[in-house]
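Spelled out from the first residue to the last, the chains are:
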Amino acid sequence: MKHLVLVLLSVAWTAQVQAQDEWREKLDPKPTEVWKPVPVVSASPSFSLPPSDAIVLFDGKDLSQWVSARGGEAKWKVAEGAMTVQRNTGGIKTKREFGDVQLHIEWRTPSEATGEGQNRGNSGVYLQERYEVQVLDSYQNETYANGQAGALYKQHIPMVNASRKPGEWQSYDIVFTAPRFSEKGTLMVPAYVTVFHNGVLIHNHVPVMGPSVYQGLPVAEAHGKAAILLQDHGDAVSYRNIWVREL
Ligand code: MG
């Protein structure tokens, strides 16, 4: 009896699918074609060079787009197409402030791997001056997983460790959706982050609880657009080819 019911159901289902296919074939395809808005051209000369609608934040020549996070001029060293953390001069941040962005940035930890754990090639890419995507030499260097390279510091462990050897250039491609706050400053929608490390997906649209903090738990705070900040953690980490597209 049970078998018969299953056969009948299967026959009925097949007939329904056939009827639907015949009905679909008679439909005009035009009403489901959406022609507007036409995406603006964003010509991309290569997979890593800035596309035509990007804002270039560092092209290897100067720090004209940056200031010191402590105020005044950015004091990092520019040489051979890269900029490098000058120990104890503080982080640097963009003059411009951003909301939702796509960010491409390349970084390199010192080829001579000294120090251990968090003290080996530590820097960081802070979105809106608050949310750190960790930069660290995580090639055969043990530390807490939510603090290794690519971690959304102390909030999300990267899905894999895509790290290259110290001294090799690496890349982050980040999609950041800024948090939304009510007029009274209540968090309505958290920030979301997607990150590719050397082209490998390590965070897929993960929510951000609040600013990255070393101690304690993050507490959301209302803010508007803010700069992209690079951390001085005392290690000579270099950066190059930094560009952003506002979303
Ligand atoms: Mg860091």
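Residues numbered from 1 in each chain as written. Predicted model: local features only at pLDDT ≥ 70, side-chain atom pairs only at ≥ 80, totals over all residues. Heavy atoms only, no water.

Strand order in the open sheet formed by five strands is β2-β5-β14-β7-β8, and the pairing between neighbours is antiparallel. Among the strands making up the open sheet, the edge pair consists of β2 (66-68) and β8 (131-135). Here two bridges tie strand β7 (residues 123-127) to strand β14 (residues 229-230), and the two strands are oriented antiparallel to one another. Bridge pairing in β14 places Val-125 opposite Leu-230. (Pairing = 2+ DSSP bridges. Helix = DSSP H or I, 4+ residues; strand = E, 2+ residues; numbered from the N terminus.)

This next bit is on the packing of aromatic side chains. For any two aromatic rings, the description comes down to two numbers: the centre-to-centre distance and the angle of the planes. Summed over the entire model, instances satisfying the criterion amount to four aromatic pairs. Aromatic side chains Trp-107 and Tyr-172 sit 5.3 Å apart centroid to centroid with 50 degrees between the ring planes, which places their arrangement in the tilted category. Pair noted here: Trp-107 is in strand β6 (residues 101-108) and Tyr-172 is in strand β9 (residues 170-177), with a separation of 65 residues, a long-range link. Of the two residues examined, Trp-107 and Tyr-172, each falls in the buried class. (Phe/Tyr/Trp six-rings, centres within 6.5 Å; stacked < 30°, edge-to-face > 60°. Buried < 20%, exposed > 50% of the residue type's maximum accessible area, 1.4 Å probe, protein only.)

What follows covers a nonpolar patch on the surface. Together, Val-5, Leu-6 and Leu-9 make up an exposed nonpolar region whose accessible area comes to about 280 Å². Looking at where Val-5 falls in the secondary structure, it is placed in helix α1 (residues 2-25). Note on Val-5: relative accessible area 39%, which makes it partly exposed. (Patch = residues over 30% accessible without salt bridge, like charges linked within 9 Å, V, L, I, M, F, W, Y side chains within 5 Å. Areas by Shrake-Rupley, 256 points an atom, 1.4 Å probe, with all protein chains shown as cover. Salt bridge = Lys/Arg side-chain N within 4 Å of Asp/Glu carboxyl O.)

Tetrahedral coordination by four donors puts the ideal angle at the metal at 109.5 degrees, and octahedral coordination by six puts it at 90 or 180 degrees. Coordination of the magnesium ion by the protein comes from Asn-122 (OD1), Ser-123 (O), Glu-132 (OE), Gln-134 (OE1) and Gln-231 (OE1), over a distance range of 2.2 to 2.3 Å. If you list the donors of the magnesium ion from N- to C-terminus, the spacing comes out as N-S-x8-E-x1-Q-x96-Q. Here Asn-122, found in the loop between β6 and β7, pairs with Gln-231, found in the loop between β14 and β15 (238-246); they are 109 residues apart in sequence, far enough to count as distant. When sorted by exposure, Asn-122 lands in the same class as Gln-231, which is buried. (Donors = N, O, S within 2.8 Å, 3.2 Å for Na, K, Ca; no water.)

Ranked by internal contacts, the top residues of the largest apolar core, which has 39 residues, are Trp-66, Val-125, Tyr-172, Ile-174, Leu-230, Tyr-239 and Ile-242. Those elements that place two or more of their residues in this core are β1 (55-58), β6, β7, β8, β9, β12 (191-197), β13 (200-208) and β15. Top contributing element to this core by residue count: β6, with four residues. Not counting chain neighbours up to four residues away, the residues in contact with Leu-230 comprise Trp-66, Trp-76, Met-83, Gly-91, Ile-92, Ile-105, Gly-124, Val-125, Tyr-239 and Ile-242. (Core = buried A, V, L, I, M, F, W, Y, C linked by side-chain atoms within 4.5 Å. Contact = heavy atoms within 4.5 Å.)

Turning our eyes to something else, we now look at the environment of Glu-132. Tracing the chain through its elements places Glu-132 in strand β8. Look at Glu-132 and you get buried, because its relative accessible area is 3%. As a C-alpha pair, Glu-132 and Lys-2 span 130 residues in sequence and 59 Å in three-dimensional space. Not counting residues up to four positions away in its chain, the partners in contact with Glu-132 are Asn-122, Ser-123, Gly-124, Val-125, Tyr-126, Ala-151, Leu-152, Tyr-153, Ser-212 and Gln-231. Separated by 3.3 Å, the side chains of Glu-132 and Tyr-126 make a polar contact. (Polar contact = N/O pair within 3.5 Å; in protein donor to acceptor, adjacent residues only side chain to side chain.)

Moving on, we get to unusual backbone geometry. In this chain, Lys-36 is followed by Pro-37 through a cis amide linkage whose omega measures 0 degrees. For Pro-37, the position within the fold is in the loop between α1 and β1. The phi dihedral of Asn-88 is positive, around 70 degrees, even though this residue is not glycine. Within the secondary structure, Asn-88 sits in the loop between β4 (82-84) and β5 (92-94). One non-glycine residue, Gln-128, adopts positive backbone phi at about 50 degrees. Relative to the helices and strands, Gln-128 is located in the loop between β7 and β8.

Assignment of secondary structure puts Val-125 in strand β7. Accessibility expressed as a relative area gives 0% for Val-125, which makes it buried. For Val-125 and Ile-228, which are 103 residues apart along the polypeptide, the C-alpha to C-alpha distance reads 7.2 Å. Once residues within four sequence positions are removed from consideration, Val-125 is found in contact with Leu-103, Ile-105, Tyr-131, Glu-132, Val-133, Val-135, Tyr-172, Ile-174, Ile-228, Leu-229, Leu-230 and Tyr-239.

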